[in-house]
Amino acid sequence: MGRVRTVFEKSVDGRRGSSVPSSGFPKRDLDEMIPKKFIRSTPLNLPKLSEPEVVRHYTNLSRMNYSIDVGFYPLGSCTMKYNPKMNEIISRFEGFTFIHPYQPEESVQGALRIMYELQEKLKKITGMDHFTLQPSAGAHGEFTGMLIIKKYHEDRGDFKRKKVLIPDSAHGTNPASSAMCGFEVVELKSGKDGRVDLAELKSKLNDEVAALMLTNPNTLGLYEKEIEKIADLVHDAGALLYYDGANLNAILGRIKPGDMGFDVVHLNLHKTFSTPHGMGGPGAGPVGVKEKLRDFLPVPIVDFKNGRFYLNYDLPKSIGRVRSFHGNFIVMVKALAYVDFMGEEGLKKVAELSVLNANYMRKKISEFLKIPYNDFCMHEFVASGEELKKYGVKTIDLAKRLMDYGFHPPTIYFPLIVHEAIMIEPTETETKETLDNFIEALKKIVEEAKSDPNLLKNAPTKTPVGRLDEVRAVRKPKLRWRGDDK
Amino acid sequence: MKRYTRTHEWIEVDGKVGRVGITNYAQDQLGDIVFVELPEIGKELRKGEVLCTVESVKSASDVYAPVSGKVVEVNVDLDSQPEKINKDAEGEGWIAKMELSNPSELDELMTEEEYEKFCSQGE
Amino acid sequence: MGDEQSYRSYIPHTDEEIKTMLDEIGVSSIDELFELATGKKGTAILKLDRGMNEWEILKKFEKLADENMDFHFGAIFMGGGIYNHFIPSALLEIANRGEFLTAYTPYQPEISQGTLQALFEYQTMICELTGMEVSNSSMYDGASALAEAVLMGYRLNQKKKVIISKTVHPEYRDVVKTYSQGLGIRIREINYDEGSGMVNFNELFESMDDETSSVVLQYPNFFGVLEDIERIGKKVKEKGNVILIVVSNPIALSILEPPGSFGADIVVGEGQPLGNTPNFGGPGFGFFATREKFLRKMPGRLIGETVDTSGNTGYVMTFQTREQHIRREKATSNICSNHAHNAVMAAIYLSLLGSDGLRKVAENSVINAHYLLERIENAGYNRKFDSPFFNEFAVECHNLDKLNRELLKNRILGPLDLGKFYPELRGVGLFCATELTRSDDIEALIEVMKGMK
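Residues numbered from 1 in each chain as written. Chains lettered and ligands numbered in written order. Predicted model: local features only at pLDDT ≥ 70, side-chain atom pairs only at ≥ 80, totals over all residues. Heavy atoms only, no water.

## Some remarks on the interface of chain B and chain C
Selection rule: The contact criterion used is simple: two residues touch if any of their non-hydrogen atoms lie within 4.5 Å. Here's the idea: put two parts together, see how much 1.4 Å probe accessible area each one loses, and the total over both is what we call buried area. Salt bridge criterion: a side-chain nitrogen from Lys or Arg within 4 Å of a carboxyl oxygen from Asp or Glu. Between N or O atoms, a polar contact is any pair within 3.5 Å; within protein, one atom must be a potential hydrogen donor and the other a potential acceptor, and residues adjacent in sequence are included only when both atoms are from side chains. Under the DSSP-based scheme used, a helix requires at least four consecutive residues in state H or I and a strand at least two consecutive residues in state E, with every element numbered from the N terminus.
Contacts between the two partners involve eleven residues from chain B and, on the opposite side, seven residues from chain C. Looking at the side of chain B facing chain C, the largest losses of area belong to Phe-35, Glu-55 and Lys-58 of chain B, adding up to 49% of the total buried there. At the surface where chain B touches chain C, the tally comes to five salt bridges. Where Glu-55 of chain B meets Arg-327 of chain C, a salt bridge forms, and the shortest distance between an N and an O atom there is 2.9 Å. The tally of links between chain B and chain C comes to four residue pairs in polar contact (both at pLDDT 80 or more). Secondary structure elements with two or more residues in the side of chain B that touches chain C: strand 4 (35-37), strand 6 (50-55) and strand 7 (60-64) of chain B.

Written out as structure tokens, the structure reads:
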């Protein structure tokens, strides 16, 4: 497949791809209504194409994308499960898409009911007492949750808790979100088994610590077996325990973060609850809290009184809004449809089969690749490409070669505590045949690394473009199309 | 006199002023350098504080002051040609000149021989 | 009753396969596997209902959708940040292709060129509209984009006072306050002029001092009024080392001189008007554009053009060292997931409309809004502010609650009550027109309004 010219290069003056409605009121010159100094004199260069040209342009672009609908996508920590088509149909109902956020509440009872039901079901799933659906993504949820924690301590008159403990295996968003709240980040070194080291935790806990941020299972796919002890230590020090819900898929329906002792939880509806990732978003990052933190939630929350759903702004200690309007409503619609479809039994099966798939792959892959923390894992595990280095091959080469076999590579070089990390998360929606095919391909590639490493170093060769020069992209930045380029 | 740090910086002192950069070993580990966030002239630093940041495509690495002192000059060529660090890390790829406030700190640093040995031991 | 195990549509394992896999792992059951992995026995009880089948789900949600009053073809006079514009059929058909919808962030560029090129084109279009040099590939919404702009201003000049006009969307101001609290940034809000509905110039200029990090305006502002950014931009530049941030409506920018021409340093806004349905307020997307010299301080993902090993043009995510997965607590923002799909919808929308089409949308919105105002004034109502406006204007409505209830009975979505955000403007309605505002709808509105006089 060759390069698709940009939409700007295809533009021809005089073409158009849409008919613009007009009300038929008498035409008036713009400068009768808007003073000349405001009227645009700067040229506006948007592409001019007919509808079929636009359709072909974007269809051809779409064909250069790998996606779940195309194949296996074992990206660790991203939970690339199947996105049900039912959800897409529902989310396009006009009663959901053509409603305005400021409509009177009596005219959007259906929408508010969806939000309320989702809040209630997420409470049951996580064991938390209250939820906000406002945050737009996981990192946005983290920011919301950490601000709640900050406000909670300050409300108690405790202003010295400026530090947040974060394991060295954590997602980069954890320290970044904490920093945005004004916290100082203190890194916790993982123990020998890849889990939280209790001695290390104890040594770092004191009355300046606001919270410990954890994901359980952690980014190695390992369950923190001593989570209750960890929770006690954190609480005894007067700090709170934050749950990064990126890995909730592993325990869905079987273990509740609320039961483990977490005080604040964020979820990723676009991971665990099957809503599509859309090339990077939109997602949704609801935040659940225990009772004592309710008053700090962002306003408004959805409540129910006298037979009606309403937006409750009456939280005087609220951290405030974290975005406009009510959050990513359409994403909530899809997530609720998913929860209703799966039911309690189905949600448990999600955890069970995602863990089964991961352990099956771990077992088989451990026969030909090193797995540094090779213990019974949850929904994902991390292998290492370090042993391939002696053949002059890096993990990135192995990842690129997987593309030639028709697979999306796993997450690589994360978590940072494993050298040449290859982080594999199969999810529950993949068949055994798919897993076997992937394992077979990976095995072949490891053999190729030994016999003909150039196959890996020159990969991919069957993709629309070969390896791209990222150094040039920074040294000679070209971040928009310009007419004089070509 | 040229000295090296365990965090892979070098300093070459001439009188009261020393030229500072990252070592050839460090540039090789980092790969293509695409950006150097140069320090401000006049900035006072204590030994071990962050002098500036050097970026490759996938990493941002802090460069630490090998000694205490004041930044008196920076290598503005690196703004447009950060690749100079890859080409000549311990020459034309120097980052800043520092006026030493405590020259005795140099004694705590490694000689070229010691540094070579340090690198060959892997870290 | 439906299928007892609907979930099996998405979870493919047969009993036999499960057994084979358990044998491979060397455990006898899934429960045992969980016990070994977690050190715990048993499973929680959620008290959720049994799963529904697909037909039941469709029926349930159809009913829920019916409990909302939608305005696809209806009479809607409400704006305030979310607007009802026409969405071409081709847009929805292409944007909802699984190859766009079910792809992840383009971390592997060789198999994500579709996403990357579409977003590169999107960035170009945002630069064109805003008059800025670089655009990121989207934020969550206009409000969080503004909050991030304010934080970026702080990163640029390390000053902690932010001046923000009360004519900026009230919810955006709320979000700026939320984002600022952790870093100790102080917010100074500037009143609007009661006659013009513009920011009070004198108060704005007087409050600008050496501590001022940024000045935030909206254009057209929340009241629909065209704020005199040129005049303010000049003052800000005179002061020096102050970042001018402008919130804008991308459709308006097709006919309005872009903020970039008036010295804006950062231009942000809600992108929903560009080809995204109202969605009860989300998801739309935030756009974020700035000057090239500030590139390394900006938040969000950036797409750049480069070449592959054979010299072919291709696209990659670039300047990633700004981002959280590399710089962690020192990143320019914590943002990871953004609203890429909504941004691609905007790119498709703008490709279908082109410059002429988009201008026409804007012009028709202005014409319709001015016609609407005339009809309302003829019905004996008074406009609140007397400045030039784009497609929204404020009108004193006496008993606005009652008017809006009456309108709703007639399936007309009336104006936004400004009293919701400005207690002193209780009873003042913010009316909005777009290219979709019909003459019939205006007459129906006027009918009810006349009856309320």
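## Quick look at the interface of chain A and chain C
Under the convention used in this document: Throughout, the ten residues Ala, Val, Leu, Ile, Met, Phe, Trp, Tyr, Cys and Pro are labelled nonpolar, Asp, Glu, Lys and Arg are labelled charged, and all others, Gly among them, are labelled polar.
Across the boundary between the two partners, chain A contributes 205 residues, which contact 200 residues of chain C. Approximately 17,600 Å² of surface area, both sides summed, lies buried where chain A meets chain C, with 64% of it carried by carbon and sulfur atoms. Here Arg-321 of chain A ties to Glu-171 of chain C by a salt bridge, and the two come within 3.1 Å at their closest N and O atoms. The tally of links from chain A across to chain C stands at 96 residue pairs in polar contact (both at pLDDT 80 or more). For the side of chain A that touches chain C, the leading source of residues is helix 11 (residues 329-365) of chain A, giving 28 residues. Looking at side-chain class alone, the side of chain A that touches chain C contains 104 nonpolar, 50 polar and 51 charged residues.

## Observations concerning the domain arrangement of chain C
Where we set the bar: Throughout, the edges of the domains are those of an automatic or database domain assignment.
Taken domain by domain, chain C holds domain 1 (6-57), domain 2 (75-86 + 354-452) and domain 3 (89-349). Using only C-alpha atoms to locate each centre, domain 1 of chain C and domain 3 of chain C end up separated by 45 Å.

## Quick word on the nonpolar core
The following threshold applies: What makes a nonpolar core is a set of buried Ala, Val, Leu, Ile, Met, Phe, Trp, Tyr and Cys residues whose side-chain atoms join them at distances within 4.5 Å. For the exposure calls, accessible area comes from a 1.4 Å probe over protein chains only, and a residue counts as buried if that area is under 20% of its type's maximum, exposed if over 50%, partly exposed in between.
Of all hydrophobic cores here, the largest spans 138 residues; its most connected members are Tyr-58 of chain A together with Ile-376 and Phe-431 of chain C. Looking at this core element by element, the count peaks at 20 residues for helix 12 (residues 340-378) of chain C. Aside from chain neighbours lying at most four places away, what touches Tyr-58 of chain A is Val-7 of chain A together with Ile-94, Phe-100, Ala-118, Glu-121, Met-125, Ala-347, Ile-348 and Ser-351 of chain C. By size, the runner-up hydrophobic cluster in this structure holds 114 residues, among which are Phe-329, Leu-369, Leu-388 and Leu-456 of chain A.

## Section: the sheet that holds strand 5 (residues 240-244) of chain A
Residue and element names in this part refer to chain A. Formally: At least two DSSP bridges between two strands are required for those strands to pair. Where helices are involved, their axes are fitted lines through C-alpha atoms of the stretch in contact, as for all axes, and angles between N-to-C directions lie from 0 to 180°.
The seven strands lie next to each other as 1-7-6-5-4-2-3, forming an open sheet whose pairing is mixed. At either margin of the open sheet sits one strand with a lone partner, and together these are strand 1 (130-132) and strand 3 (184-188). Averaged over all pairs of adjacent strands, the angle between their axes in this sheet comes to 25 degrees, without regard to strand direction. By the bridge criterion, five bridges tie strand 2 (residues 163-167) to strand 3 in an arrangement that is parallel. Bridge assignment links Lys-163 to a residue of strand 3, and that residue is Glu-184. Contacts from helix 6 (residues 138-155) reach strand 2, strand 4 (209-214), strand 5, strand 6 (264-266) and strand 7 (287-289), with the element oriented near 175 degrees to strand 5. Strands strand 2, strand 3, strand 4 and strand 5 of the sheet are contacted by helix 7 (residues 173-180), whose axis makes an angle of about 175 degrees with strand 2.

## Some thoughts on a negative patch on the surface
Residues and elements named next belong to chain B. Selection criterion: Within the patch definition used here, like charges are joined within 9 Å and nonpolar side chains (Val, Leu, Ile, Met, Phe, Trp, Tyr) within 5 Å, considering only residues with over 30% relative accessible area and no salt bridge. The method behind every accessible area is Shrake-Rupley, applied with a 1.4 Å probe, and residues are considered shielded solely by the protein chains displayed. For this count, His and the chain ends are skipped, Lys and Arg are scored as positive, and Asp and Glu as negative. Charged groups are reduced to one reference atom each: NZ for lysine, CZ for arginine, CG for aspartic acid, CD for glutamic acid.
Taken together, Glu-112, Glu-113, Glu-114 and Glu-116 make up a surface patch of like negative charges. Inspection of the secondary structure assignment puts Glu-114 in helix 4 (residues 112-120). By relative accessible area, Glu-114 is classed as partly exposed at 42%.

## Observations regarding the side chain of Thr-167 of chain C
All names here are of chain C. Inspection of the secondary structure puts Thr-167 in the loop between strand 3 (161-165) and helix 8 (170-180). Residue classification places Thr-167 among the buried positions, given a relative accessible area of 1%. Among the polar contacts listed, one links the side chain of Thr-167 to the side chain of Ser-165, at a separation of 2.5 Å. Not counting chain neighbours up to four residues away, the residues in contact with Thr-167 comprise Tyr-192, Gly-197, Met-198, Val-199, Gln-218, Asn-221, Phe-222, Phe-223, Glu-227 and Tyr-422.

## Some remarks on the sheet that holds strand 4 (residues 186-190) of chain C
Residues and elements named next belong to chain C. Taken together, seven strands build an open sheet; the order of strands is 2-8-7-6-5-3-4 and the sheet is mixed. Whereas interior strands pair on both sides, the edge strands pair on one side only; in this sheet they are strand 2 (134-135) and strand 4. By the bridge criterion, four bridges tie strand 3 to strand 5 (residues 212-219) in an arrangement that is parallel. In the sheet register, Val-162 faces strand 5, and the bridge partner there is Ser-214. Packing against the sheet, helix 7 (residues 142-157) makes contact with strand 3, strand 5, strand 6 (243-248), strand 7 (266-270) and strand 8 (286-290), and its axis sits at approximately 25 degrees to strand 8.

## Digging into the environment of Leu-244 of chain C
All names here are of chain C. Among the structural elements, Leu-244 can be located in strand 6. Between the C-alpha atoms of Leu-244 and Ser-137, which are 107 residues apart in sequence, the distance is 21 Å. Residues in contact with Leu-244, not counting those within four places in the same chain, are Val-215, Leu-217, Ile-229, Gly-233, Val-236, Phe-262, Gly-263, Ala-264, Asp-265 and Ile-266.

## A look at the pattern of salt bridges
When the charged atoms of two side chains with opposite charge come close together, those side chains can pair. Across all of its chains, the model carries 75 salt bridges over all chains by this definition. Residue Arg-156 of chain A is joined to Asp-158 of chain A by a salt bridge in which the shortest nitrogen-to-oxygen separation is 3.3 Å. Between Arg-97 of chain C and Glu-99 of chain C there is a salt bridge, and its shortest N-O distance comes to 2.9 Å. According to the relative accessible area criterion, Arg-97 of chain C is partly exposed, its value standing at 23%. Counted as one network, the salt bridges with shared partners bring together Glu-37 and Glu-55 of chain B together with Arg-296, Lys-297 and Arg-327 of chain C.

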